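Coordinates in review
Listed below are the residues making up each chain.
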Amino acid sequence: MDNKQKALELGTKPVGALLTQYALPAIVAMTASSLYNIIDRAMIGQMVGPEAIAGLGITFPFMNLSAAFGAAVGVGASTCISVKLGQKDYKTAEHLLGNTVTLNLVIGFLFMAVSLIFLDPILRFFGASDVTLPYAREFMIVILLGNMVTHMYFGMNAVLRAAGKPKHAMYATLFTVGMNILLVVAFVWWLRWGIRGAALATVTSQTMALCWQMWVFSDQKELLHLRRGIYKLRSDLVKNIIAIGVSPFLMQATSCVIVIFMNNQFVRYGGDMAVGAYSIANSMVMVFFMFVMGMTQGMQPIVGYNYGAEKYDRMFRCLWLTIAAATAILLVGWTLSMLFPRQIVRIFTSDPTLIGLSAHGLVLDMLVFFVVGSQAVITNFFQCIGKVKVSIFLSLSRQLLLLLPMAYFFPMIWDLDGVWYSMPTSDFGSFAMTIPLLIWYMKKLKNNGKQ
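Fair warning: this is a prediction, and the values are worked out from it, not measured in the lab. (Residues numbered from 1 in each chain as written. Predicted model: local features only at pLDDT ≥ 70, side-chain atom pairs only at ≥ 80, totals over all residues. Heavy atoms only, no water.)

Here's the deal with helix 15 (residues 352–365)
To keep things clear, this is the line we draw: Strands here are runs of E lasting at least two residues and helices are runs of H or I lasting at least four, both read from the DSSP assignment and numbered beginning at the N terminus. Residue count minus one, scaled by 1.5 Å, sets the expected span of a helix. Accessibility here uses a 1.4 Å probe with only protein chains present; expressed as a share of the type maximum, an area under 20% marks a residue as buried, one over 50% as exposed, and anything in between as partly exposed. Definition of a polar contact: a pair of N or O atoms within 3.5 Å, with one able to donate and the other able to accept a hydrogen when the atoms are protein atoms, and with sequence-neighbouring residues admitted only if both atoms are side-chain atoms.
With 14 residues, helix 15 ought to run about 20 Å at 1.5 Å a step, and its terminal C-alpha atoms sit 20 Å apart, in line with that. All of the buried residues in helix 15 are Leu-354, Ile-355, Ser-358, Ala-359, Gly-361, Leu-362, Leu-364 and Asp-365. The N-cap of helix 15, judged by a side-chain oxygen 3.2 Å from the amide nitrogen of Thr-353 a few residues on, is Asp-351.

Here it is as structure tokens:
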């Protein structure tokens, strides 16, 4: 079977060529998604105003929390599928696909229902003021109504990559991004629907992409395809999905907690404009970090398959290549941010105050950005091979153990700059903790075999 051969090549084809084959589509897709986010925020900032940018920043924790539940299913399921394909257990891999669909529907609905009921109190808790609350509420109502679609869309894209179809995952993302941009222009610029139009564009484009993904998985010729009898939740499969998905869930959920805390710190020490500056700086950080996420997505099926097949040399070669590429990418982002901060933030706003705050914050936020790539790749590596406890520890170390206390104490010394300083300091601290853990695991694997 052609599809089975695509899965088998994960253990035979040269690792460099495989990583390029799997990572490049993910990088293209993630980059396109980043460009959409820039266009989306820039249009909101330029056409609706700086208060709308600040309101959008308030929604980041909500988006992270939603993504946390999606990652728990999508990443957990795709990792399990990669390992089962490496073990040539195709029947279980297919049942994992069906359970992914069911879990996404259930979790997506519950998250939507609870969030809509308590929307205003949640947004207030996230740092919304009387000025920013209407913008945040208007945006999140539409996003939450489409939450099941969003969960399913990201989950199916993760499974496409695990099933040896990285280009299909890229096509889905590129279509979503392209349609998003067209709809944002139509809804925000032409129809003047404001921030609600941006949210509606997101949900509509994801719905259209999801229809195509489900059509792909409905093809009976595919190695993994949708059919009767695979949707009933099986406790053993759900436990495996959640066990592996706990790490990305905690990473995203922790990000939610951190953004809530940071928003409140920025409001406390700099007001709504400081929140807007954080939103802009965070958008630029994510543009470059999306490249790294694309690399880790490309790495995941290769590492998972070769770990399942006990081909450790190939597994570690993939890890080193991914670390090198991620570091090089973030060095480019660091250089641009250091040299052209004001030019970058002018994309989002023409307000002089917001430009000054954002440019200054971007430079401070990106001080040691080039070390973040290796930490993210290694954390995802442990996740890919099912070392959940290590992955969770690394996920939490940067944000809960380092960033949270630093963001609390540093402003007492440096005022608003202290909030910004906490981010690069925690980045470097987590990097320093990650390398020894990887060395320890490599020695353990070499001495004792797979643990």
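More follows now that the structure is in view.
Some details on the packing of helix 12 (residues 272–308) against helix 13 (residues 312–339)
Under the convention used in this document: A fitted line through C-alpha atoms serves as each axis, taken over the contacting stretch for helices, and the angle formed by two N-to-C directions is quoted from 0 to 180°. Angles below 35 degrees are treated as roughly parallel, those above 145 as roughly antiparallel, those between 65 and 115 as roughly perpendicular, and all remaining angles as oblique. Each residue is assigned to one class: nonpolar for Ala, Val, Leu, Ile, Met, Phe, Trp, Tyr, Cys and Pro, charged for Asp, Glu, Lys and Arg, and polar for all the others, Gly among them.
Direction vectors running N to C along helix 12 and helix 13 enclose 180 degrees, while the axes themselves pass 9 Å from each other. If you check the angle between helix 12 and helix 13, you find them roughly antiparallel. Its residues assigned to classes, the contact of helix 12 with helix 13 comprises 18 nonpolar, five polar and one charged.

A closer look at helix 8 (residues 147–162)
With 16 residues, helix 8 should cover 22 Å at 1.5 Å per step; its first-to-last C-alpha distance of 23 Å lies within 8% of that length. By the criterion of burial, helix 8 is predominantly enclosed, with 13 of the 16 residues buried. Gly-164, located one to two residues past helix 8, shows a positive phi value of around 85 degrees.

Examining the side chain of Thr-100
Which entries qualify depends on this criterion: Any two residues having at least one pair of non-hydrogen atoms within 4.5 Å are treated as being in contact.
Tracing the sequence through the fold places Thr-100 in helix 5 (residues 90–117). According to the relative accessible area criterion, Thr-100 is buried, its value standing at 0%. Here Leu-96 takes part through its backbone oxygen, which lies 2.7 Å from a polar atom of the side chain of Thr-100. Excluding residues that lie within four positions of it along the chain, Thr-100 makes contacts with Val-73, Ala-77, Met-156 and Val-159.

Considerations on the pattern of salt bridges
For clarity, the threshold we go by: The salt bridge criterion pairs a side-chain nitrogen of Lys or Arg with a carboxyl oxygen of Asp or Glu, the two atoms within 4 Å.
All told, the structure shown has five salt bridges when counted by the stated rule. Of the charged contacts, one joins Arg-137 and Asp-120 as a salt bridge, the two residues approaching to 2.9 Å between their closest N and O atoms. A residue pair is termed long-range when its members are at least 10 positions apart, and Arg-137 in helix 7 (residues 133–145) and Asp-120 in helix 6 (residues 119–125) qualify at 17 residues. A relative accessible area of 28% places Arg-137 in the partly exposed class.

Overview of the nonpolar core
Note on soluble globular proteins: their nonpolar side chains tend to be buried together. Under the convention used in this document: Residues grouped as a nonpolar core are buried Ala, Val, Leu, Ile, Met, Phe, Trp, Tyr and Cys residues, joined through side-chain atoms within 4.5 Å.
Of all hydrophobic cores here, the largest spans 131 residues; its most connected members are Leu-123, Phe-266, Met-299, Met-315, Phe-381, Phe-382 and Trp-420. With 18 residues, helix 12 is the largest single contributor of residues to this core. If we ignore the near neighbours within four places in the chain, the residues touching Phe-266 are Gly-271, Ala-274, Val-275, Tyr-278, Leu-416, Val-419, Trp-420 and Met-423.

Some thoughts on the environment of Gly-155
Summarising the element assignment, Gly-155 is placed in helix 8. Take Gly-155: its relative accessible area is 0%, and that puts it in the buried class. Beyond its immediate stretch of four places on either side in the chain, Gly-155 contacts Gly-74 and Asn-104.

Points about the confidence of the model for the chain
The condition is simple: As a per-residue quantity, pLDDT reports the predictor's confidence and falls between 0 and 100.
The share of residues in the chain with pLDDT of 70 or more is 97%, and the mean pLDDT across the chain is 86. For the chain, per-element mean pLDDT is lowest for helix 1 (residues 2–8), which scores 57, and highest for helix 15, which scores 94.

Concerning unusual backbone geometry
Positive phi, close to 60 degrees, is recorded for Arg-192, a residue that is not glycine. Along the chain, Arg-192 turns up in the loop between helix 9 (166–190) and helix 10 (194–217). In this model, Glu-310 sits at a positive phi of 60 degrees, which is unusual for a non-glycine residue. Structurally, Glu-310 can be placed in the loop between helix 12 and helix 13. For Glu-310, a relative accessible area of 52% translates into the label exposed.

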